[in-house]
Amino acid sequence: MRTHLVAGNWKMHTHPNEGLDLVHEILGGLGEAKAEVWVFPPATHLSLLAEPLAQSPVKLGAQNAAAAAQGAYTGELSVSMLKACGAQGLLVGHSERRQLFGETGKVLNQKLERCLEQALTPFLCVGETLAERESGNHMEVVRNQIEEAIEGFELHALDALVIAYEPVWAIGTGQTASPFQAQEMHAFIRRVWAKKFGESSAEHLRILYGGSVKPENAAELFGQTDIDGGLIGGASLKAADFLRIVHAKPQV
Ligand code: 13P
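1. Some details on the overall build of the chain
Step number 1: The secondary structure content of the chain amounts to eleven helices and eight strands.
Step number 2: Over its C-alpha trace the chain gives a radius of gyration of 17 Å, about what one expects of a compact globule, namely 18 Å for 252 residues.
Step number 3: Here the C-alpha coordinates of the chain stretch approximately 45 × 45 × 35 Å along the principal axes.
Step number 4: Residues counted as buried form 54% of the 252 residues belonging to the chain.
Step number 5: Across the chain, the fraction of contacts at a sequence separation of at least 24, relative to all contacts at a separation of at least 6, is 74%.

2. Regarding the site of the ligand
Step number 1: The local shell around the ligand consists of Asn 9, Lys 11, His 94, Glu 166, Ala 170, Ile 171, Gly 172, Gly 211, Ser 212, Leu 231, Gly 233 and Gly 234.
Step number 2: Between the ligand and the protein, one listed contact pairs an oxygen atom with a side-chain N or O atom of Lys 11 at 2.8 Å.
Step number 3: In the model, an oxygen atom of the ligand is placed 2.6 Å from a nitrogen or oxygen of the Gly 172 main chain.
Step number 4: Burial of the ligand by the surrounding chains reaches 96%, relative to a free accessible area of 310 Å².
Step number 5: Class assignment for the residues of the shell around the ligand results in three nonpolar, seven polar and two charged.

3. Description of the packing of aromatic side chains
Step number 1: All chains considered together, the criterion is met by five aromatic pairs.
Step number 2: Where Phe 40 meets Phe 123, the ring centres are 5.0 Å apart and the plane angle is 75 degrees; that geometry is what we call edge-to-face. Of this pair, Phe 40 sits in strand 2 (residues 36-40) while Phe 123 sits in strand 5 (residues 121-126), and the two are 83 residues apart along the sequence.
Step number 3: One aromatic cluster is present, formed by Trp 38, Phe 40 and Phe 123 through successive ring pairs.
Step number 4: Positioned above the aromatic ring of Phe 101 is the side chain of Arg 97, whose terminal nitrogen or guanidinium carbon lies 4.1 Å from the ring centre.

4. As for the sheet that holds strand 8 (residues 229-232)
Step number 1: Read once around its circumference, the closed barrel built from eight strands follows the order 1-2-3-4-5-6-7-8, with strand pairing classed as parallel. On average, each strand axis in the sheet is tilted by 25 degrees relative to the strand beside it, whichever way the strands run.

5. As for the pattern of salt bridges
Where charged atoms from two side chains of opposite charge come close, those side chains can pair.
Step number 1: Tallying each qualifying case throughout the model produces 13 salt bridges.
Step number 2: In this structure, Arg 133 engages Glu 128 in a salt bridge whose closest nitrogen and oxygen atoms are separated by 2.7 Å.
Step number 3: Note on Arg 133: relative accessible area 15%, which makes it buried.
Step number 4: What makes Glu 128 buried here is its relative accessible area of 0%.
Step number 5: A salt bridge links Arg 143 to Glu 140; its shortest N-O distance comes to 2.9 Å.

6. Considerations on the nonpolar core
Step number 1: Formed by 66 residues in total, the largest nonpolar core has its most connected members in Leu 90, Ile 150, Ile 163, Ile 189, Trp 193, Tyr 209 and Phe 222.
Step number 2: The dominant element in this core, judged by the number of residues it contributes, is helix 8 (residues 179-197), at eight residues.
Step number 3: Residues within four places of Phe 222 in sequence aside, it is in contact with His 4, Val 6, Val 213, Ile 227, Gly 229, Gly 230, Ile 245, Ala 248 and Pro 250.
Step number 4: One finds Leu 91, Phe 123, Cys 125 and Ala 164 within the second-largest nonpolar core, a separate group that totals eleven residues.

7. Re the side chain of Ser 78
Step number 1: With respect to the helices, strands and loops of the structure, Ser 78 is situated in the loop between strand 3 (59-62) and helix 3 (79-84).
Step number 2: Within polar-contact distance, the side chain of Ser 78 engages the backbone nitrogen of Met 81 at 3.1 Å.
Step number 3: Setting aside its immediate chain neighbours within four residues, Ser 78 contacts Ala 65, Ala 68 and Ala 69.

8. Structural notes on the packing of helix 7 (residues 138-150) against helix 8
Step number 1: Interhelical geometry of helix 7 versus helix 8 gives an angle of 40 degrees and a closest axis separation of 10 Å. As far as their axial angle goes, helix 8 and helix 7 are oblique. Between helix 7 and helix 8 lies a crossing whose hand is right-handed. The segment helix 7 lies against helix 8, with His 138, Met 139, Val 142, Arg 143, Ile 146 and Ile 150 engaging Glu 184, Met 185, Phe 188, Ile 189, Val 192, Trp 193, Lys 196 and Phe 197.

9. Examining helix 11 (residues 239-247)
Note that an α-helix has 3.6 residues per turn; residues three or four places apart therefore point the same way.
Step number 1: The set of residues buried in helix 11 consists of Ala 239, Phe 242, Leu 243, Ile 245 and Val 246. The buried residues of helix 11 occupy one face: seen down the axis, they fall within an arc of 160 degrees.
Step number 2: Those residues of helix 11 that are buried lie in contact with strand 1 (5-9), helix 1 (16-30), strand 2, helix 10 (215-222) and strand 8.

10. A short note on the pairing of strand 4 (residues 89-92)
Side-chain positions along a regular strand alternate between the two faces of the sheet.
Step number 1: With burial as the criterion, each face of strand 4 is covered, one bearing Gly 89 and Leu 91 and the other bearing Leu 90 and Val 92.
Step number 2: Across two bridges, the pairing between strand 3 and strand 4 is parallel. Bridge pairing links Ala 62 to Leu 90 in strand 4.
Step number 3: Handedness of the crossover joining strand 3 and strand 4 through helix 3: right-handed.

Rules used throughout
- Residues numbered from 1 in each chain as written.
- Predicted model: local features only at pLDDT ≥ 70, side-chain atom pairs only at ≥ 80, totals over all residues.
- Heavy atoms only, no water.
- Helix = DSSP H or I, 4+ residues; strand = E, 2+ residues; numbered from the N terminus.
- Rg over C-alpha atoms; globule rule 2.2 N^0.38 Å.
- Buried < 20%, exposed > 50% of the residue type's maximum accessible area, 1.4 Å probe, protein only.
- Contact = heavy atoms within 4.5 Å.
- Near = heavy atom within 4 Å.
- Polar contact = N/O pair within 3.5 Å; in protein donor to acceptor, adjacent residues only side chain to side chain.
- Areas by Shrake-Rupley, 256 points an atom, 1.4 Å probe, with all protein chains shown as cover.
- Nonpolar A, V, L, I, M, F, W, Y, C, P; charged D, E, K, R; others polar.
- Phe/Tyr/Trp six-rings, centres within 6.5 Å; stacked < 30°, edge-to-face > 60°.
- Lys NZ or Arg CZ within 6 Å of the ring centre and 35° of its normal.
- Pairing = 2+ DSSP bridges.
- Axes fitted to C-alpha atoms, helices over the stretch in contact; angles between N-to-C directions.
- Salt bridge = Lys/Arg side-chain N within 4 Å of Asp/Glu carboxyl O.
- Core = buried A, V, L, I, M, F, W, Y, C linked by side-chain atoms within 4.5 Å.
- Parallel < 35°, antiparallel > 145°, perpendicular 65-115°, else oblique.
- Left-handed = near helix turned anticlockwise from the far one by under 90°.
- Arc of directions from axis to C-beta.
- Right-handed = clockwise from strand over helix to strand, strands pointing away.

In structure tokens, the structure reads:
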């Protein structure tokens, strides 16, 4: 059985005190959530949020880290620094990092390695652009993104890895992938994993969907066989919306 997981990616939103309020509101409405819940605030908030979250079931992650372990990289933050500030997980290869900051598969492979060295849970983000989907290459693109990122790793190192499928055309656009489109890709990702690491490992792999998930569409998406939860952008910035997504009962 795969534990359902809902994560909020706050991107570059909120100031630390607003983040603290948001976390308190989330904790206040969490109740008996069945899902594993994560928040990924800006790195400036990690130390502040680590304390209230440490007393809770909600886990804390960072949105990005340097590919190098340490050194003369002005402005960069290493995985071990983020861990020291309370991060338990890391988003690797979000499409905004790939598109706006030119992160390549090779760089993401290094980031993943840093993450595994520090025993942080990696959330590997993959997804195609609209042009790639329209040309019929979307599955190939996603397969390549996964293969490049995990190249050289043994299965045991990737035990905790979570994959987030986020079609670029669905991020922040209000245009969600249909449950059918999302399920089709998730099943494909699981087959890619099974081929590389075997059926049993693929059965354990958690694959999240991200891209315009809202309280209104979460239950139907989460009801798909191969969708194990969501990575939520905009709707994770309002506690009430995020909580409705956390509590959404998968509609089978
Ligand atoms: P939206 O939910 O705002 O579309 O963002 C999705 C996302 O990029 C999460 O990482």
